[in-house]
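# Close look at the chain arrangement
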Amino acid sequence: MIGMEDIYEKVMELAKRRGFVWPSSECYGSVAGLIDYGPLGAGMKRRIENIWRDFYVIREGFFEIECPTIGPEPVFIASGHVGGFSDKMCRCPECGEYLRADHIVEGCLEGSAALMQKEDLEEALRDFPCPACGETLGAPTVFDFNLMFETAIGPGSQRKGYLRPETAQGIFTDFGRLLRFYRDKLPFGAVQIGKSYRNEISPRQGMIRLREFSQAEAEIFVHPEKKQHPSFSRYASYTLPLLGSSQQESGEPPLEVTMADAVASGLVANEYVAYYLALTHDLLVSIGITPEKLRFRQHLPDERAHYAIDCWDAEVHSDRFGWVETVGIADRTDYDLRAHARHSGESFTVFIQFTEPRRVKQVRISPKMGIMGPKFRGKAKAILEMLKTASPGPDGVEIILDGETILITPDLYDVCEEEVEVRGEEVMPHVIEPSYGIDRMIYGVLEHTYAEEMVEGEVRKVLRLPTAVAPVQVSVLPLMNRDGLEGAAREIYLTLLTHRIFAIYDDSGAIGRRYRRQDEIGTPFAVTIDYDTLEDGTVTIRDRDSMEQVRCPADHLVATLSALISGSITFESLQT
RNA sequence: GCAUCGAUGGUCUAGUGGCAUGACUUUGGCCUUCCAAGCCAAUAGCCCGGGUUCAAUUCCCGGUCGAUGCACCA
């Protein structure tokens, strides 16, 4: 390779020029963090999403759902995004700098300032110097900056809504429906591919940090005590570079271990997490990420959400941006379901039958309603409810109702001990969440597959995209645009299209120039129609990566290309 | 968001207070029997808004976008 010192510039220049990625609304001045996928980029993105579906929908059996990108406020109150997805900020009255209010206070104070109220923060900030200009802050106004885009649903006194900051919540809110769809059994999973939105303060890394981005997320609902993946054997001996939190703390390199060993040694929390680490490696490599530029880093205890048992990022190395978090894989326990259960009042549990019904002795309070009704009148019903779960003492039961303590004496109820048959229990599943940043995957693939090489004194730019990811699969090129070559080429082109091979036809300019054009957009194969085609009915197939050619009878072309595209044969095998 | 620097056809670039360079690409034509060949022609540009000026792509102010540093960041 030559002159690869500024690969980001080169990749983005090509991506813009050739129609992969464009700045959005360019004619009115583009907006940071918003991009368009052009004709080739949109095709490539769709192919990558479909490969993701091959892994998660077809192979894992997790059906895909599609939820709105707008949600009503309670969803995001429950998810914690309304409260937790915002930062408390203030502005220096002297220099105008925006500051994290809690960070300033935290630097000089014991304990955590993140939970302080605005008013307390304002008071605490009074005497602090501005970290930017050094002037005393005085009493700045502390305000929340929430990273969610806000909107209003409907006219008039609208319901407040937000653009979703992740696709996951739709799967959680559909939990009850999904559970019934999967016929009340664990484990099951559902996935969603779609747009999410975050009003980033300063998105400045091209397509790495976007305000509107595509995510592919799976939510896998598992029994909290059964975290053995039913297909674990598929990846048990798969080896990955794992950078655990202890390796990071001691500055050691990643460990190359099998998934079975990783789980056995406790490096990875359970088989589910390990399985999706391996699957993610498998998937990323198959779309064109270089294995040497891919690692899995465990969250350090202080960066991991408090409720998560284990959390790993798949990080893709970029020459420009360093290690970029591209996929997150977490065991989120029952945090999300519990939150939605609390806020919505629905149960979010699965009834799991015991293998054998259990006989359980239970004490039941049977109120004497004939006495209690007249005695407590309007409160009787509420007291009755509370009695059901109370455990009676020798003097009776104390019940607190609306702040008033009421003693229910033993003469008001009977206690009967009985043995009941319990056939199962309500279980709140744990959630394993693999979450993929599609746009970051696309950038990683572009950067890793971009190559330059010297060919006869000229720089050849080539995207070595895997066939499954290339937006165009085959180009059809008549060697000359005359002597009947163009007619024969058109015929072959149409034949490929009817067999659903996505080909483009190009007869413009010298043949070498046309090969270069296809190299730049990653088209893996070129079919050239030359004078031998008119003689003996053969064409050549050119391989993008080796620039080698083989002759192939036109009659076999569809079958040969289909096999090459699907990967069932290699180009090298045709050369012998 | 702050500071510094930058923005000229699709791409790379020269240059200027007064008709805006060149190369590559693209399109059409000629030529051409396999890797950006040659010839002819064509298309296409001074980021946006305001100010100074007879005249602004050029100078000034503001904005947008991009790069770098700080800050922020699932």
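Okay, the pairing of strand E24 (residues 474–478) next. Across the 5 residues that make up E24, a large majority, 5, are buried. Residues Val474, Val476 and Pro478 line one face of E24 and the alternating positions Ser475 and Leu477 line the opposite face, and both faces are buried. As paired elements, E24 and strand E25 (residues 503–505) share 3 bridges and run parallel to each other. The partner of Val474 across the bridge, within E25, is Ala503. Viewed along the sheet, the connection from E24 through helix H16 (residues 485–498) into E25 turns out right-handed.

Before going further, it helps to spend a moment on the packing of helix H1 (residues 7–18) against helix H15 (residues 438–449). At their nearest, the axes of H1 and H15 sit 10 Å apart, and the two run at 105° to each other. Judged on the interaxial angle alone, H15 and H1 are roughly perpendicular. From H1, Ile7, Tyr8, Val11 and Met12 reach across to H15, where they touch Tyr443, Leu446 and Glu447. Looking at the contact of H1 with H15 residue by residue, the classes come out as 6 nonpolar, no polar and 1 charged.

Once that is clear, we can look at unusual backbone geometry. Cis rather than trans, the peptide bond between Leu186 and Pro187 has omega equal to -5°. Positionally, Pro187 belongs in the loop between helix H8 (175–181) and strand E10 (188–197). A positive phi is found at Ser25, a non-glycine position, where the angle reads about 45°. Residue Ser25 is classed as partly exposed on the basis of its relative accessible area of 36%. In this structure, Arg183 is a non-glycine residue whose phi angle is positive, near 55°. With respect to the helices and strands, Arg183 occurs in the loop between H8 and E10. On the basis of relative accessible area, Arg183 is assigned to the exposed category, the value being 61%.

Two aromatic rings, taken as a pair, are described by how far apart their centres are and by the angle between their planes. Throughout the structure, instances matching the rule amount to 23 aromatic pairs. Here Tyr8 and Tyr443 contribute two aromatic rings whose centre-to-centre distance is 5.8 Å and whose plane-to-plane angle is 55°, an arrangement assigned as tilted. In this pair, Tyr8 sits in helix H1 while Tyr443 sits in helix H15, placing the two residues 435 residues apart along the sequence. The buried category is assigned to Tyr8, whose relative accessible area is 14%. On the numbers, 6.0 Å between centres and 15° between planes, the contact of Tyr56 with Tyr276 is stacked. On the criterion of sequence distance, the pair formed by Tyr56 in helix H2 (residues 39–59) and Tyr276 in helix H11 (residues 271–287) is long-range, its members being 220 residues apart. Using a relative accessible area of 0% as the deciding quantity, one classes Tyr276 as buried. Ring-pair connections join several aromatic residues into one group, and the members of that group are Trp52, Tyr56, Tyr235, Tyr238, Tyr272, Tyr275, Tyr276 and Tyr436. The ring of Phe354 carries Arg358 above its face, with NZ or CZ at 3.5 Å from the centroid. Here the basic side chain of Arg490 rests over the ring of Tyr505, its NZ or CZ set 3.9 Å away from the ring centre.

Our focus in this paragraph is the packing of H1 against helix H17 (residues 511–521). In the contact formed by H1 and H17, the axes pass within 10 Å of each other and the chain directions differ by 115°. With respect to H17, the element H1 is oriented roughly perpendicular. For the crossing formed where H1 meets H17, the hand is left-handed. Contact with H1, carried on its side by Leu14, Arg17 and Arg18, involves Arg517, Glu520 and Ile521 of H17 and no other residues of that element.

Once that is clear, we can look at a nonpolar patch on the surface. Residues Met480, Tyr531 and Leu534 make up a contiguous nonpolar surface patch of about 250 Å² in total accessible area. Mapped onto the secondary structure, Tyr531 falls in helix H18 (residues 531–536). For Tyr531, a relative accessible area of 33% puts it in the partly exposed group.

Pairing between side chains becomes possible if they bear opposite charge and their charged atoms approach one another. By the definition in use, this model includes 31 salt bridges. For Arg320, the salt bridge goes to Glu9, with nearest N and O atoms at 3.5 Å. Note that Arg320 is positioned in the loop between strand E15 (310–318) and strand E16 (322–331) and Glu9 in helix H1, a separation of 311 residues in sequence. On the basis of relative accessibility, which here comes to 45%, the residue Glu9 falls in the partly exposed class. Across the pair Arg464 and Glu453 runs a salt bridge whose closest N-O atoms are separated by 3.0 Å. Remark: Glu453 occurs in strand E22 (residues 450–455) and Arg464 occurs in the loop between strand E23 (458–463) and E24; sequence separation between them is 11 residues. Residue Arg464 is classed as partly exposed on the basis of its relative accessible area of 29%.

Reading the values: rules and limits
Residues numbered from 1 in each chain as written. Chains lettered and ligands numbered in written order. Predicted model: local features only at pLDDT ≥ 70, side-chain atom pairs only at ≥ 80, totals over all residues. Heavy atoms only, no water. Buried < 20%, exposed > 50% of the residue type's maximum accessible area, 1.4 Å probe, protein only. Helix = DSSP H or I, 4+ residues; strand = E, 2+ residues; numbered from the N terminus. Pairing = 2+ DSSP bridges. Right-handed = clockwise from strand over helix to strand, strands pointing away. Axes fitted to C-alpha atoms, helices over the stretch in contact; angles between N-to-C directions. Parallel < 35°, antiparallel > 145°, perpendicular 65-115°, else oblique. Contact = heavy atoms within 4.5 Å. Nonpolar A, V, L, I, M, F, W, Y, C, P; charged D, E, K, R; others polar. Phe/Tyr/Trp six-rings, centres within 6.5 Å; stacked < 30°, edge-to-face > 60°. Lys NZ or Arg CZ within 6 Å of the ring centre and 35° of its normal. Left-handed = near helix turned anticlockwise from the far one by under 90°. Patch = residues over 30% accessible without salt bridge, like charges linked within 9 Å, V, L, I, M, F, W, Y side chains within 5 Å. Areas by Shrake-Rupley, 256 points an atom, 1.4 Å probe, with all protein chains shown as cover. Salt bridge = Lys/Arg side-chain N within 4 Å of Asp/Glu carboxyl O.

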